[in-house]
Amino acid sequence: MTTLNTKNLLTRHKRDLALLLAFAFSATTAVAAETQQQQQSNCSAALLQGSWQLASARYLDANGKLLAEIKQQSTFSRKLIAGRHFSFITWQPDGKFEVAATGTFYTNRAGYHEQVDAASLPRLRGKTYHFQCQLSGNQWLHQGMEDGVLIKEVWQKFDDTER
C-alpha cells in the first residue's frame with residue numbers, strides 16, 4: 001500500500017510540476033510579448049509633431065498580395081501632426097486631388113491610433129485606425145490594417161529649413 005501511495009504522490013507531484021512549468025512559461029511568454037510590443041513602438045506624440053511627406057507605401061491583401069505601391073513620388077501625400085490632431089491630403093503628380101482626412105490621434109505602447117472626424121471619402125469618417133509605429137531618424141514607419149488592407153508606409157519628416 002505504501003508503494004502505491006508513493007507512486008500516486010509522485011504522479012500528482014509530476015502533474016503539479018508540469019502545470020507550474022506551463023504557467024511559468026506562459027507568464028514569461030506574456031512578459032516577453034509585452035516587452036517586444038513596447039520595443040516595437042518608439043513613437044510619442046511629441047516626436048511625431050510636424051510635417052511629414054509620404055516617401056513610399058505598399059498596400060497588401062490578407063494573403064500578402066501586393067495591391068498597390070507608391071514609390072518615387074508616383075503619388076504625393078502630406079500629413080501634419082499638431083498637438084493631438086492630424087490632417088492629411090493625398091494628390092497625384094498632376095495636382096489632381098485624391099483624398100483628405102482630419103481627426104485626433106494618440107500614441108501608446110501598441111503604436112499610433114487615428115480617430116477620423118472628417119474625410120473626403122465617407123468610408124473613412126468616424127473610424128479609428130491602429131498602426132504599429134517606429135521612428136528611425138527622420139523616418140516614420142507606419143504599418144497596420146485599414147479596411148482589410150495591410151498598409152506599410154514610410155513617412156519622411158520635413159526639415160524645418162526646407163521650403
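What you see is a predicted model; the values in this text were computed from it and never measured. (Residues numbered from 1 in each chain as written. Predicted model: local features only at pLDDT ≥ 70, side-chain atom pairs only at ≥ 80, totals over all residues. Heavy atoms only, no water.)

1. What about the nonpolar core?
Inclusion rule: What we call a nonpolar core is a set of buried Ala, Val, Leu, Ile, Met, Phe, Trp, Tyr and Cys residues that are connected through their side-chain atoms within 4.5 Å. Exposure is judged per residue with a 1.4 Å probe applied to protein chains only, and the accessible area is read against the type maximum: over 50% gives exposed, under 20% gives buried, and values in between give partly exposed. The secondary structure listing takes helices from DSSP runs of H or I that are at least 4 residues long and strands from runs of E that are at least 2 residues long, numbered from the N terminus.
Ranked by size, the top nonpolar core spans 25 residues in total, and within it Leu48, Ile81, Tyr112 and Trp140 carry the most contacts. Broken down by secondary-structure element, the contributors of at least two residues to this core are α2 (45-48), β1 (50-60), β4 (85-91), β5 (97-108), β6 (111-119), β7 (128-136) and β9 (149-157).

2. Considerations on the pattern of salt bridges
Rule in force here: By salt bridge we mean one thing: a side-chain nitrogen of Lys or Arg within 4 Å of a carboxyl oxygen of Asp or Glu.
Within this structure, the stated rule accounts for 5 salt bridges. Residue aspartate 147 pairs with lysine 127 through a salt bridge whose shortest N-O separation is 2.7 Å. Here the residue aspartate 147 occupies a position in the loop between β8 (139-146) and β9, and lysine 127 occupies one in the loop between β6 and β7, the gap between them amounting to 20 residues. Via salt bridges that share partners, Arg58, Glu69 and Lys71 belong to a single interconnected network.

3. Some details on the state of the cysteines
Selection criterion: In what follows, a disulfide is any cysteine sulfur pair within 2.5 Å.
Evaluated as defined, the whole model comprises 1 disulfide. Residue cysteine 43 pairs covalently with cysteine 133 via a disulfide, S to S 1.7 Å. Since a negative S-S torsion denotes a left-handed disulfide, the cysteine 43-cysteine 133 link at about -90° is left-handed. With cysteine 43 in the loop between α1 (2-40) and α2 and cysteine 133 in strand β7, this residue pair connects regions lying 90 residues apart in the sequence.

4. Digging into the side chain of glutamate 114
What counts is decided by this rule: By the criterion applied in these results, polar contacts are pairs of N or O atoms within 3.5 Å in which, for protein atoms, one can donate a hydrogen and the other can accept it, and in which residues neighboring in sequence qualify only through two side-chain atoms. The contact definition used throughout considers only heavy atoms, calling two residues in contact when any of these lie within 4.5 Å.
You can see glutamate 114 is positioned in strand β6. At a separation of 2.6 Å, a polar atom in the side chain of glutamate 114 contacts the side chain of lysine 79. A polar contact of 2.7 Å, which involves the side chain of glutamate 114, links it to the side chain of tyrosine 112. Not counting residues within four places of it along the chain, the set of residues in contact with glutamate 114 comprises Lys79, Phe86, Thr104, Phe105, Lys127, Thr128, Tyr129 and Phe131.

5. Side note on the environment of lysine 65
Its place among the elements puts lysine 65 in the loop between β1 and β2 (66-70). Along the primary structure lysine 65 and leucine 150 are separated by 85 residues, whereas in three dimensions their C-alpha atoms are 9.9 Å apart. Leaving out residues up to four positions away in the same chain, lysine 65 has contacts with Tyr59 and Leu60.

6. A word on the side chain of glutamine 92
Assignment of secondary structure puts glutamine 92 in the loop between β4 and β5. Among the polar contacts listed, one links the side chain of glutamine 92 to the side chain of glutamate 98, at a separation of 3.2 Å. Beyond its immediate stretch of four places on either side in the chain, glutamine 92 contacts Ser74, Thr75, Phe76 and Glu98.

7. Re unusual backbone geometry
Of note in this structure, glutamine 72 is not a glycine but carries a positive phi near 50°. Within the secondary structure, glutamine 72 sits in the loop between β2 and β3 (76-82). A positive phi angle is found at glutamine 73, which is not glycine, with a value near 55°. Along the chain, glutamine 73 turns up in the loop between β2 and β3. Using a relative accessible area of 52% as the deciding quantity, one classes glutamine 73 as exposed.

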